[in-house]
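Structure at a glance
Read off the chains here:
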Amino acid sequence: MTAKIIDGKAVAAQVRADIAVRVAEIKSKYGFQPGLAVVLVGEDPASQVYVRNKGKQTAEVGMKSIEHKLPVETSEADLLALVDKLNNDDTINGILVQLPLPDHVNAEKVLNTIDPMKDVDGFHPMNVGRLWIGERALVPCTPTGSIILAKSVQENLSGMEAVIIGRSNIVGKPVAQLLLRENCTVTLAHSRTKDLPGVVRRADIVVAAVGIPEFVKGDWIKPGAIVIDVGINRIPKDDGKSRLVGDVAYEEAAKVASAITPVPGGVGPMTIACLLRNTVEAALMQKGLVA
Ligand code: NAD
């Protein structure tokens with residue numbers, strides 16, 4: 001079997017196109033423009049690229065995009081004051097504080113200060129709790145994107161065995177919850193899991209979020225399984241440059257799986273698309289336009 005390659009770039013482009021239509025409808029029907037504020041503290045090069053891409057794609061779908069770039073020495077108090085100001089700004093529907101924050105700032109405190117209704121990253125305990133009890137919540141973007149990709153090849157996931165490798169709050173745990181919502185039988189595997197290859201071999205859907213290059217081998221994959229690779233790892237090449245690989249040994253796994261996400265070009269492009277989706281969702285919730 002040779003797996004279908006799940007084209008994350010194409011699916012993300014479709015999600016953004018749908019958002020652009022919804023934003024235009026919101027403007028004409030309700031007379032306002034959804035707005036996203038992104039806060040960046042310091043000069044981390046990767047964060048700068050993410051923030052630039054977020055701003056560009058936000059504007060492209062017709063939303064208002066605000067960027068606050070603060071110097072690395074910004075105090076926690078000043079950052080909290082900015083979050084508070086954005087919480088009270090009616091033209092801002094989503095607030096994203098780019099991580100990592102400098103060591104002198106308590107990231108948890110900052111994230112917990114964001115109004116849960118504007119928490120488009122879905123990291124606030126209120127949204128985490130609402131997701132777990134099955135209420136309407138703003139859900140973290142990468143997990144949402146992973147599920148959209150799995151459903152792009154199989155709409156109905158009900159009854160499938162799903163194994164998620166990695167139990168982080170940002171990826172593994174919310175992915176588990178979302179797959180439970182899809183009526184999968186969910187196993188959340190991690191660094192202490194015994195016989196991980198044996199556990200993964202049971203899975204109809206494998207989601208790898210480990211952070212170890214090419215960790216999941218081809219012979220761990222059940223023939224016909226759907227493989228969603230969240231990992232993004234930069235490894236050196238012989239010519240001194242580097243390349244990106246996922247957490248799955250792609251070539252091996254693609255020979256066994258029915259469908260697989262590549263790295264790059266799989267889950268990665270979905271994250272910003274889902275951030276835009278959350279901003280629209282947040283805007284509609286704040287205006288009382290959804291239940
Ligand atoms: P993390 O380091 O917070 O969590 C890694 C998880 O892997 C942990 O729960 C740990 O228990 C598990 N783990 C570690 N070693 C293991 C082992 N030997 N066997 C089984 N499980 C093991 O990482 P994270 O933030 O969840 O990110 C995971 C990967 O996803 C990284 O490569 C990261 O770069 C990538 N990522 C991508 C996106 C995106 O596509 N936009 C977003 C977030 C994270």
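Refer to the structure presented above.
Heads up: these notes are all about the structure in this document. (Residues numbered from 1 in each chain as written. Predicted model: local features only at pLDDT ≥ 70, side-chain atom pairs only at ≥ 80, totals over all residues. Heavy atoms only, no water.)

A tally of helices and strands in the protein chain yields ten helices and eleven strands. A compact globule built from 291 residues would reach a C-alpha radius of gyration of about 19 Å, and the protein chain, at 19 Å, matches this within 12%. For the protein chain, the spread of C-alpha atoms along the principal axes amounts to about 50 × 45 × 35 Å. Buried residues in the protein chain amount to 48% of all 291 residues. Partitioning the contacts of the protein chain with sequence separation of at least 6, the portion at a separation of at least 24 is 69%. Total accessible area on the protein chain is roughly 13,700 Å²; 52% of this is exposed by carbon and sulfur atoms. (Helix = DSSP H or I, 4+ residues; strand = E, 2+ residues; numbered from the N terminus. Rg over C-alpha atoms; globule rule 2.2 N^0.38 Å. Buried < 20%, exposed > 50% of the residue type's maximum accessible area, 1.4 Å probe, protein only. Contact = heavy atoms within 4.5 Å. Areas by Shrake-Rupley, 256 points an atom, 1.4 Å probe, with all protein chains shown as cover.)

This part is about the site of the ligand. Around the ligand sit 22 residues, and of these Arg167, Ser168, His190, Ile232 and Thr271 come closest. Here a nitrogen atom of the ligand and a side-chain polar atom of Thr142 are 3.5 Å apart. Between an oxygen atom of the ligand and a side-chain N or O atom of Ser168, the distance comes to 2.5 Å. Burial of the ligand by the protein amounts to 70% of the accessible area it has alone, namely 850 Å². Tallied by class, the residues present in the shell around the ligand amount to ten nonpolar, ten polar and two charged. (Near = heavy atom within 4 Å. Polar contact = N/O pair within 3.5 Å; in protein donor to acceptor, adjacent residues only side chain to side chain. Nonpolar A, V, L, I, M, F, W, Y, C, P; charged D, E, K, R; others polar.)

Structurally, Arg201 is set in helix H8 (residues 196-201). For the pair Arg201 and Ile6, spaced 195 residues apart in sequence, the C-alpha to C-alpha distance is 21 Å.

Structural remark: α-helix, 3.6 residues per turn; residues separated by three or four positions point the same way. For helix H10 (residues 270-286), built from 17 residues, the straight-helix expectation of 24 Å at 1.5 Å per residue is met to within 8% by its first-to-last C-alpha distance of 24 Å. Burial runs high along H10: 13 of the 17 residues are buried. Positive backbone phi, at 70°, marks Gly288, one or two positions downstream of H10. (Expected span 1.5 Å × (residues − 1).)

Counted by the stated rule, this structure contains nine salt bridges. Where Glu135 meets Arg130, a salt bridge forms, and the shortest distance between an N and an O atom there is 3.4 Å. Using a relative accessible area of 30% as the deciding quantity, one classes Arg130 as partly exposed. Taken together, the shared-partner salt bridges connect Lys151, Glu155 and Glu182 into one network. (Salt bridge = Lys/Arg side-chain N within 4 Å of Asp/Glu carboxyl O.)

With that settled, the discussion passes to the sheet that holds strand E4 (residues 94-97). Strands in a sheet are paired, the pairing made by backbone hydrogen bonds, and the direction either parallel or antiparallel. Pairing in this open sheet of three strands is parallel, and the strands run E3-E2-E4 from one edge to the other. Among the strands making up the open sheet, the edge pair consists of strand E3 (64-70) and E4. On average, each strand axis in the sheet is tilted by 15° relative to the strand beside it, whichever way the strands run. Against the sheet, helix H2 (residues 45-60) contacts strand E2 (35-41), E3 and E4, and its axis sits at roughly 160° relative to E3. Sheet strands touched by helix H3 (residues 76-87): E2, E3 and E4. Its angle to E2, the strand with the most contacts, is close to 180°. (Pairing = 2+ DSSP bridges. Axes fitted to C-alpha atoms, helices over the stretch in contact; angles between N-to-C directions.)

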